[in-house]
Amino acid sequence: MATIAKNYFQDLFMLRGISNLKSILERVERCIIEDINAKLMTKYTAEEIWTALKSIGPTKAPDDDGFPAIFFQKCWHIVGSEVTSFCLKILNQGREVESINVTNIFLIPKISQSTDMKNFRPISLCNVLYKILTKVVANRFQNVLEVCIDEAQSAFVPGRLITNNVLVAYEIMHTLKNKRMGKKGHMALKLDMSKAYNRVE
């Protein structure tokens with residue numbers, strides 16, 4: 001069973017190598033102006049590290065080091081300067097993250113009596129230092145997301161609801177059903193989104 005799980009998720013998360021990334025990126029319209037880019041590129045600060053740590057759930061499942069976020073939050077007066085120094089070296093000076101870039105993947109069954117690997121949802125357990133780093137970067141990007149994300153994107157953006165897509169889909173299908181005349185036709189595609197979003201690329 002372990003071999004089956006390993007092979008399934010190794011295939012799912014493996015980098016395939018995009019052959020011509022430059023041609024894809026050339027077609028993406030630039031939305032970050034120089035002023036915004038200058039703000040994004042400023043040096044990270046100790047305050048940003050502490051803000052990121054405070055926003056992490058205190059009892060989120062820890063990685064194999066066994067230290068949850070609450071340990072760092074409660075003992076910040078002891079470990080704070082060391083953690084801050086370590087994180088700032090990575091963020092500001094480009095230090096390697098290999099020492100903390102270890103993730104355990106746990107499988108949560110989506111249904112009872114799961115018989116297929118598709119019926120398991122993988123969750124990644126990262127250590128707190130790695131979570132702090134990603135949270136700091138995410139917090140900085142949060143202020144410019146509205147500039148980057150198209151208005152049609154309705155999920156995972158504050159102030160927008162994914163349920164709006166249901167209404168849009170209903171209206172589109174209603175229009176397609178009523179379109180009976182004319183030379184121009186329309187069509188709808190139903191895509192398997194799990195295959196699109198469950199992969200690295």
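The name that an unreviewed UniProt entry assigns to the protein is Reverse transcriptase domain-containing protein, with the source organism given as Gossypium arboreum.

*Asks:* Honestly, the overall build of the protein in this entry has me stumped. Any pointers?
*Replies:* Helix and strand counts for the protein come out as 10 helices and 2 strands. In summary, the protein has a C-alpha radius of gyration of 22 Å against a globular reference of 17 Å for 201 residues, an excess of more than 25%. C-alpha extents for the protein along the principal axes are approximately 75 × 50 × 35 Å. Per-residue burial over the protein gives 20% buried out of 201 residues. Contacts in the protein between residues far apart in sequence, at least 24 positions, make up 57% of those at least 6 positions apart. One finds the centroid of the 27 positive side-chain charges in the protein at a distance of 8 Å from the centroid of its 20 negative side-chain charges.

*Asks:* How should the pattern of salt bridges be read in this particular structure?
*Replies:* Pairing between side chains of opposite charge can happen when their charged atoms approach one another. Applying the stated rule across the entire model yields 2 salt bridges. Close ionic contact of Arg 30 with Glu 34 constitutes a salt bridge, the shortest N to O distance being 3.0 Å. Overall, the relative accessible area of 62% leaves Arg 30 in the exposed class. Among the ionic pairs, Arg 140 bridges to Glu 48, the shortest N-O distance being 2.9 Å. Of this pair, Arg 140 sits in helix H7 (residues 128-142) while Glu 48 is found in helix H4 (residues 46-55), placing the two residues 92 residues apart along the sequence.

*Asks:* How should the environment of Arg 30 be read in this particular structure?
*Replies:* Mapping Arg 30 onto the fold places it in the loop between helix H2 (21-26) and helix H3 (34-40). The spatial distance from the C-alpha of Arg 30 to the C-alpha of Cys 148 is 8.6 Å, given a sequence separation of 118 residues.

*Asks:* It is not clear to me how the nonpolar core should be interpreted in this structure. Could you clarify?
*Replies:* The tendency in soluble globular proteins is for nonpolar side chains to be buried side by side. Counting residues in hydrophobic clusters, the biggest one holds 21 residues, and the most contacted among them are Ile 49, Phe 72, Val 83, Leu 129, Ile 132 and Val 136. Ranked by residue count, the leading element in this core is helix H6 (residues 76-93), at 8 residues. Those residues within four positions of Val 83 in sequence are excluded, and the remaining contacts are Phe 72, Trp 76, Leu 129 and Ile 132.

*Asks:* Would you mind going over the side chain of Gln 73 with me for this structure?
*Replies:* Examined against the element boundaries, Gln 73 turns out to sit in helix H5 (residues 69-74). The contact partners of Gln 73, leaving out residues within four places of it in the chain, are Trp 50, Leu 53, Lys 54, Ile 56 and Pro 58.

*Asks:* Got a minute to help me understand the packing of aromatic side chains in this structure?
*Replies:* For any pair of aromatic rings, the description consists of the separation of the ring centres together with the inter-plane angle of the planes. Under the counting rule described, the total for this entry stands at 5 aromatic pairs. With a centroid separation of 6.5 Å and an interplanar angle of 70°, the aromatic rings of Phe 67 and Phe 72 are classed as edge-to-face. A relative accessible area of 8% places Phe 72 in the buried class. The structure contains a cluster of three or more aromatic residues connected by ring pairs, namely Phe 67, Phe 71 and Phe 72. Lying across the ring of Tyr 44, Arg 140 places its NZ or CZ 3.9 Å from the centre.

*Asks:* Explanation requested: the packing of H4 against H6 in the structure shown.
*Replies:* Working note: a packed helix pair is described by the angle between its axes plus the distance between those axes. Orientation of H4 relative to H6, taken along the N-to-C sense of each, is 115°, at an axis distance of 9 Å. Accordingly, the angle class assigned to the pair H4 and H6 is roughly perpendicular. Here H4 runs over H6; the crossing is right-handed. Between H4, through Ala 46, Ile 49, Trp 50 and Leu 53, and H6, the contact on the second element is made entirely by Trp 76, Thr 84, Cys 87, Leu 88 and Leu 91. Taken together, the residues of the contact of H4 with H6 sort by class into 8 nonpolar, 1 polar and no charged.

*Asks:* Hey, could you run me through helix H1 (residues 2-13) in this one?
*Replies:* Think of an α-helix as 3.6 residues a turn; residues three or four steps apart then line up on the same face. The terminal C-alpha atoms of H1, which comprises 12 residues, lie 16 Å apart, in line with the 16 Å expected from a rise of 1.5 Å per residue. Taken together, the buried positions of H1 are occupied by Ala 5, Phe 9 and Leu 12. The arc that holds the buried residues of H1, viewed along the axis, is 55°, so those residues lie on one side. Along H1, the residues that are exposed and aim more than 90 degrees away from the buried face are Thr 3 and Lys 6.

The rules behind these values
- Residues numbered from 1 in each chain as written.
- Predicted model: local features only at pLDDT ≥ 70, side-chain atom pairs only at ≥ 80, totals over all residues.
- Heavy atoms only, no water.
- Helix = DSSP H or I, 4+ residues; strand = E, 2+ residues; numbered from the N terminus.
- Rg over C-alpha atoms; globule rule 2.2 N^0.38 Å.
- Buried < 20%, exposed > 50% of the residue type's maximum accessible area, 1.4 Å probe, protein only.
- Contact = heavy atoms within 4.5 Å.
- Lys, Arg positive; Asp, Glu negative; His and termini not counted.
- Charge placed at Lys NZ, Arg CZ, Asp CG, Glu CD.
- Salt bridge = Lys/Arg side-chain N within 4 Å of Asp/Glu carboxyl O.
- Core = buried A, V, L, I, M, F, W, Y, C linked by side-chain atoms within 4.5 Å.
- Phe/Tyr/Trp six-rings, centres within 6.5 Å; stacked < 30°, edge-to-face > 60°.
- Lys NZ or Arg CZ within 6 Å of the ring centre and 35° of its normal.
- Axes fitted to C-alpha atoms, helices over the stretch in contact; angles between N-to-C directions.
- Parallel < 35°, antiparallel > 145°, perpendicular 65-115°, else oblique.
- Left-handed = near helix turned anticlockwise from the far one by under 90°.
- Nonpolar A, V, L, I, M, F, W, Y, C, P; charged D, E, K, R; others polar.
- Expected span 1.5 Å × (residues − 1).
- Arc of directions from axis to C-beta.

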